Amino acid sequence: MSSLIPSLNISIEAPNILIEHSDKLMLMGSCFSEHIGKRLSDCKFQVLENPNGILFNPLSVTHSLSQYIDNTTIDTDRLFYLNEIWHHWDFHSRFSNINKERAILQIQDAIKTAHLFLKDADWLMITLGSAFQYYLKDENYFVANCHRAPGKLFEKRLLKIDEIQEALVDVVESLKYFNPKLKIIFTISPVRHIRDGVVDNNRSKARLIETVHHLVEQFDHCYYFPAYELLIDVLRDYRFYDTDLIHPNFGATKLIWDQFHNIFFSKETQFIADQMLEIITAYNHKVQFPETDNYKNFKSKYLNKIIQLKQKYNYIDFAKEEAYFSNQNK
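Parameters at a glance
- Residues numbered from 1 in each chain as written.
- Predicted model: local features only at pLDDT ≥ 70, side-chain atom pairs only at ≥ 80, totals over all residues.
- Heavy atoms only, no water.
- Helix = DSSP H or I, 4+ residues; strand = E, 2+ residues; numbered from the N terminus.
- Rg over C-alpha atoms; globule rule 2.2 N^0.38 Å.
- Contact = heavy atoms within 4.5 Å.
- Buried < 20%, exposed > 50% of the residue type's maximum accessible area, 1.4 Å probe, protein only.
- Pairing = 2+ DSSP bridges.
- Right-handed = clockwise from strand over helix to strand, strands pointing away.
- Axes fitted to C-alpha atoms, helices over the stretch in contact; angles between N-to-C directions.
- Polar contact = N/O pair within 3.5 Å; in protein donor to acceptor, adjacent residues only side chain to side chain.
- Patch = residues over 30% accessible without salt bridge, like charges linked within 9 Å, V, L, I, M, F, W, Y side chains within 5 Å.
- Areas by Shrake-Rupley, 256 points an atom, 1.4 Å probe, with all protein chains shown as cover.
- Salt bridge = Lys/Arg side-chain N within 4 Å of Asp/Glu carboxyl O.
- Lys, Arg positive; Asp, Glu negative; His and termini not counted.
- Charge placed at Lys NZ, Arg CZ, Asp CG, Glu CD.

1. Some points on the overall build of the protein chain
- Each helix and strand counted, the protein chain has 10 helices and 12 strands in total.
- Here the protein chain has a C-alpha radius of gyration of 21 Å; the compact-globule value for 330 residues is 20 Å, and the two agree.
- The principal-axis extent of the C-alpha atoms belonging to the protein chain is close to 70 × 55 × 45 Å.
- Partitioning the contacts of the protein chain with sequence separation of at least 6, the portion at a separation of at least 24 is 68%.

If you want it as structure tokens, here you go:
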């Protein structure tokens, strides 16, 4: 089964098992994974997104996954104090805090939450952004986030394909033992890391693509979704980019989402996702005159839709939307 994009004759193979709406999905990786995660959340999927925060490189992704599998107690030696804030080299700055103990508690809670979620997850979507890895010079230890520390502290290395492949194979095998039902979708972020230079960015992406295809060929529960190719080769007009000419804009992410929706979701999942997006769009709709009968009828329509959907899909949490559409005074 595949979908054909006529412009460049790109065929996207569907997995032999499709995503159901009741499935649990964890997403990890670059900022592009957050675009997909936001849409999945809007569609009322059970989603856990980037427990460590945004991660770009494969060693940071595999290290984080190993932490979740083992429910690791974090290495507090990797905490450091900079500009009056405590940070951790393995975690995004959203976990940074002026209070050291609070930072540790937030990080430990994130690992525990990820451990419990991943143990029962149906899908893991990993979006790799760059094959460049930053190492602390003094410790020869890779970091997930530089936290705007002085550049002299780091050495930047372009990982070899063998290094990336070994790390990913190890973690895929560990995940299979930890959660036998887990399926893994790999993507390569379509966001170009221009700060690396155009040539080196292409070398970096090429290494990630080659490695991921090796994994998909080796493991029958691993799949590839060509988000990178969809933006770079199909949506290759700059009208699909943000003003920085690097990040995909709303139109591009929607078109990529549509392909993911059409290829990886079962037919019923597609239907439910579309219904959820309709409801969330109505929920976010702002009106100038909420006291009108027309608006009250609008809210009644969506309240009735929610009631019908709740009867059929009782695992979906509509509490927020139901409370809003039930209130005729707002």
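What follows continues from the structure just given.
2. Topic: the pairing of strand β11 (residues 183–188)
- Burial runs high along β11: 6 of the 6 residues are buried.
- Burial along β11 is two-sided: the face carrying K183, I185 and T187 and the face carrying I184, F186 and I188 are both buried.
- Bridging between strand β7 (residues 123–128) and β11 involves 6 bridges; their strand directions are parallel. Paired with W123 across the strands is K183, a residue of β11.
- Handedness of the β11-helix α5 (residues 198–218)-strand β12 (residues 222–224) crossover: right-handed.

3. Considering the sheet that holds strand β8 (residues 132–136)
- Overall, antiparallel pairing links the 3 strands, which are arranged β9-β8-β10 in an open sheet. Unpaired on one side and paired on the other, β9 (141–143) and β10 (154–158) mark the two borders of the sheet. For this sheet, the mean angle separating the axes of adjacent strands, direction not counted, is 45 degrees.
- With 5 bridges joining them, β8 and β10 adopt antiparallel strand pairing. Along β10, the bridge assignment pairs Y135 with E155.

4. Some details on the side chain of N52
- With respect to the secondary-structure elements, N52 resides in the loop between β4 (46–49) and α2 (58–70).
- Residue N52 is classed as buried on the basis of its relative accessible area, which comes to 0%.
- Within the local environment of N52, its side chain forms a polar contact with the side chain of Y68, the two groups lying 2.5 Å apart.

5. Observations concerning the environment of E278
- Tracing the backbone through its elements, the reader meets E278 in helix α8 (residues 267–284).
- The exposure class assigned to E278 is partly exposed, which follows from its relative accessible area of 28%.
- Separated by 147 residues in the primary sequence, E278 and A131 place their C-alpha atoms 38 Å from one another.
- Contacts of E278, omitting those with residues within four sequence positions, involve Y302 and K305.

6. A word on the side chain of T62
- Mapped onto the elements of the fold, T62 is located in helix α2.
- Beyond its immediate stretch of four places on either side in the chain, T62 contacts A167, L168 and V171.

7. A word on the environment of E321
- Along the chain, the position of E321 falls in helix α10 (residues 319–326).
- Distance from E321 to A282, taken between C-alpha atoms, is 9.4 Å for residues 39 residues apart in sequence.
- Once residues lying within four places of it in the same chain are set aside, the contact partners of E321 are K44, I279, I280, Y283 and I306.

8. Points about a negative patch on the surface
- A surface patch of negative charge is lined by D162, E163, E166, D170 and E173.
- Inspection of the secondary structure puts D170 in helix α4 (residues 161–178).
- For D170, a relative accessible area of 42% puts it in the partly exposed group.

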